[in-house]
Amino acid sequence: MSLFHALASRQVFTPFIAVTWLVSGLVTNLVQLLVFVTVYPFSKKWCRIITAKIAYFWWCIPIWIVDWWSRTEIRINYNGDIKKLGTENAVILCNHTGDVDWLMGWILAERHGTLGTTKAYMKMASKYLPILGWSWYFVDYIFISRDWNKDKTTLAKTFNTLNDYPSSLPFWIALFCEGTRQTPKKLAESQQWCRDNNKPVLKNLLWPRTKGFVSTVQGLPDKLDAVYMFAINLPDKEKEASFANFLGAKESSVSLQIRRWGKDELPSDEEGLKEFCTNVYMKLDEDISTAAADGHFPGTPVDLRRNIMSRVSAYFWTTLVHGGLGMILYTSPSVAVIYFIVGLYVVMGLGLIGMIAYAETGAKKKKKVSKKDD
């Protein structure tokens, strides 16, 4: 093991990455706010284009961690016309297996040029999440309360906004139709519900909730071009994909599958759309079983090379943030400034390490429950 990997595995560099992410995020929020205040009143189109580019450049940092810092192996199998990916307004159906699902979706979006315009259904409270939640707000993420009477109004406003998007700015809307992150307990409860309601029992997925999908497709009838399924599988337990391994520069492995259905393949009625969504997840359930046995999803392997822009973003923000803090320390070497900067690194580093430890503890508990159930 090299000295770099030895230090990285002990999270020595984590405080520097955490401070880079935090400070660059605050700068991003301020620039987004400035653009929103000065440009939006005169041109909604250019406001959306600029804020999407700004968000993209910041969101590239976690992608750099996966692609270049840890050099994670991402194997992609595709079913459909890959040339259209990134050129269409699309609904993205996803499975929800763990803590890194959203990041894999971001990587696929970054590879196809839609990272800044990718959106997702999020809990209303996420909008107030400092820095990250604010960046989501400025690029029109969809925040819902899970109260249909309240959400109908929210969705109507959102769909009006998306219908007004310029054709030069294709967007993705990510939907986790399982409704929640999967655990062995939730999977068992979902399987029991399927038995009680005479539904096919899914081995690897929670039974999908279709209301969000139906509402989205029907709310954007002239804007959507396609529906995609982005599926994630973590086949190699010795190269497990996790935030701890990513930040520790430990090589990880992820298997992804992409399927596409054009607009002309979608039913037009509500019941037909419900059945379509359910069938997509039933097919995915079979494919996950195949991936577990073969180590990869069925389909044509596709080599999507790492994008150099995530590297540019990481180096730019690292230089700006740490260079700026160093300049402040150099020009104002007071005790208060020293305490502030050192405290910033310590607090942010320990905070991120604590979050990782919490996530890993949850994952271990899930594995123990799974083993007991077996």
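Here's what I pulled together on the structure shown here. (Residues numbered from 1 in each chain as written. Predicted model: local features only at pLDDT ≥ 70, side-chain atom pairs only at ≥ 80, totals over all residues. Heavy atoms only, no water.)

1. Considering the overall build of the protein
So the rule is basically this: In DSSP terms, a helix is any run of H or I states spanning at least four residues, a strand is any run of E spanning at least two, and both are numbered starting from the N terminus. Only protein chains enter the accessibility calculation, which uses a 1.4 Å probe; a residue is then buried when its area is under 20% of its type maximum, exposed when over 50%, and partly exposed in between. Any two residues whose heavy atoms approach within 4.5 Å are treated as being in contact. Where accessible areas are quoted, they stem from the Shrake-Rupley method and a 1.4 Å probe; at the residue level, only the protein chains shown are allowed to cover. His residues and chain termini do not enter the charge count, which takes Lys and Arg as positive and Asp and Glu as negative. For charged residues, the charge sits on one atom: NZ in Lys, CZ in Arg, CG in Asp, CD in Glu.
From N to C terminus, the protein includes 12 helices and eight strands. Overall, the C-alpha framework of the protein stretches about 70 × 55 × 40 Å when taken along its three principal axes. Burial analysis of the protein (374 residues in total) assigns 48% to the buried set. Pairs at least 24 residues apart make up 78% of the contacts formed inside the protein by residues separated by at least 6 positions. Accessible surface computed for the protein: about 19000 Å², of which carbon and sulfur atoms make up 60%. Here the protein holds 44 positive side-chain charges and 34 negative ones, and the gap between their average locations is 6 Å.

2. Quick look at empty space enclosed by the protein
To find the voids left in a structure, one rolls a probe of water-molecule size over its atoms. Condition: Cavity: a set of points on a 1 Å grid over the protein atoms alone where a 1.4 Å probe fits but cannot get out. Pocket: an open set with protein on both sides within 12 Å along at least five of seven lines, its lining residues, like those of a cavity, having an atom within 4 Å of a point. Grid points are joined across faces, edges and corners, and a volume is the space filled by probe spheres set on the points. All residues other than Ala, Val, Leu, Ile, Met, Phe, Trp, Tyr, Cys, Pro, Asp, Glu, Lys and Arg, Gly among them, are scored as polar; the first ten of these are nonpolar and the last four charged.
In this structure the tally under the stated criterion is one cavity of 30 Å³ or more. What the largest cavity holds in volume is close to 30 Å³. Forming the walls of the largest cavity are R48, T51, A52, G116, T117, K119, F138, V139, D140, Y165 and L169. Of all the elements, helix α3 (residues 44–69) adds the most residues to the lining of the largest cavity, at three residues. Looking at side-chain class alone, the lining of the largest cavity contains five nonpolar, three polar and three charged residues.

3. Regarding the side chain of T278
Tracing the backbone through its elements, the reader meets T278 in helix α10 (residues 270–294). Ignoring sequence-local partners within four residues, the contact set of T278 consists of W207, P208 and T210.

4. Quick look at the layout of surface pockets
What the second largest pocket holds in volume is close to 440 Å³. Around the second largest pocket sit 19 residues that line it, and Y137, D140, Y141, T158 and T161 are the ones nearest its centre. Of all elements in the fold, only α3, α5 (132–138), β4 (142–144) and α6 (148–163) reach the threshold of two or more residues within the lining of the second largest pocket. Looking at the lining of the second largest pocket, the element that brings in the most residues is α6, giving five residues.

5. A look at the sheet that holds strand β2 (residues 90–94)
Backbone hydrogen bonds are what pair the strands of a sheet, in a parallel or an antiparallel way. Our working definition: Any two strands are treated as partners once DSSP identifies two or more bridges connecting them. Working convention: axes come from line fits to C-alpha atoms, limited for helices to the stretch in contact. Angles between N-to-C directions cover 0 to 180 degrees.
A sheet is described by the order of its strands in space; here eight strands give the open sequence β4-β3-β5-β2-β6-β7-β1-β8, paired in mixed fashion. Taken across any chain shown, the strands that pair with only one partner, and hence form the sheet edges, are β4 and β8 (300–302). On average, each strand axis in the sheet is inclined to that of its neighbour by 25°, with strand direction left out of account. Helix-sheet contacts for α6 involve β3 (118–123), β4 and β5 (172–175), and the interaxial angle to β4 is about 175°.

6. Observations concerning the nonpolar core
Short version of the rule: To qualify as a nonpolar core, a set must consist of buried Ala, Val, Leu, Ile, Met, Phe, Trp, Tyr and Cys residues joined through side-chain atoms within 4.5 Å.
Of all hydrophobic cores here, the largest spans 60 residues; its most connected members are W59, M104, Y141, Y228 and F230. Setting aside residues no more than four positions away along its own chain, W59 makes contact with W21, W106, L115, G116, T118, L132, S135, W136, V139 and Y141. Counting 38 residues, the second largest nonpolar core, distinct from the first, contains F159, L175, L266 and Y281.

7. Observations regarding the pairing of strand β7 (residues 253–262)
Most of β7 is tucked away: 10 of the 10 residues are buried. Side chains S253, S255, Q257, R259 and W261 project from β7 onto one buried face, and the interleaved V254, L256, I258, R260 and G262 project onto a second face that is buried too. Of the strand pairs in this sheet, strand β1 (residues 73–79) and β7 are connected by seven bridges, and their pairing is parallel. Note on β7: the bridge partner recorded for N77 is Q257.

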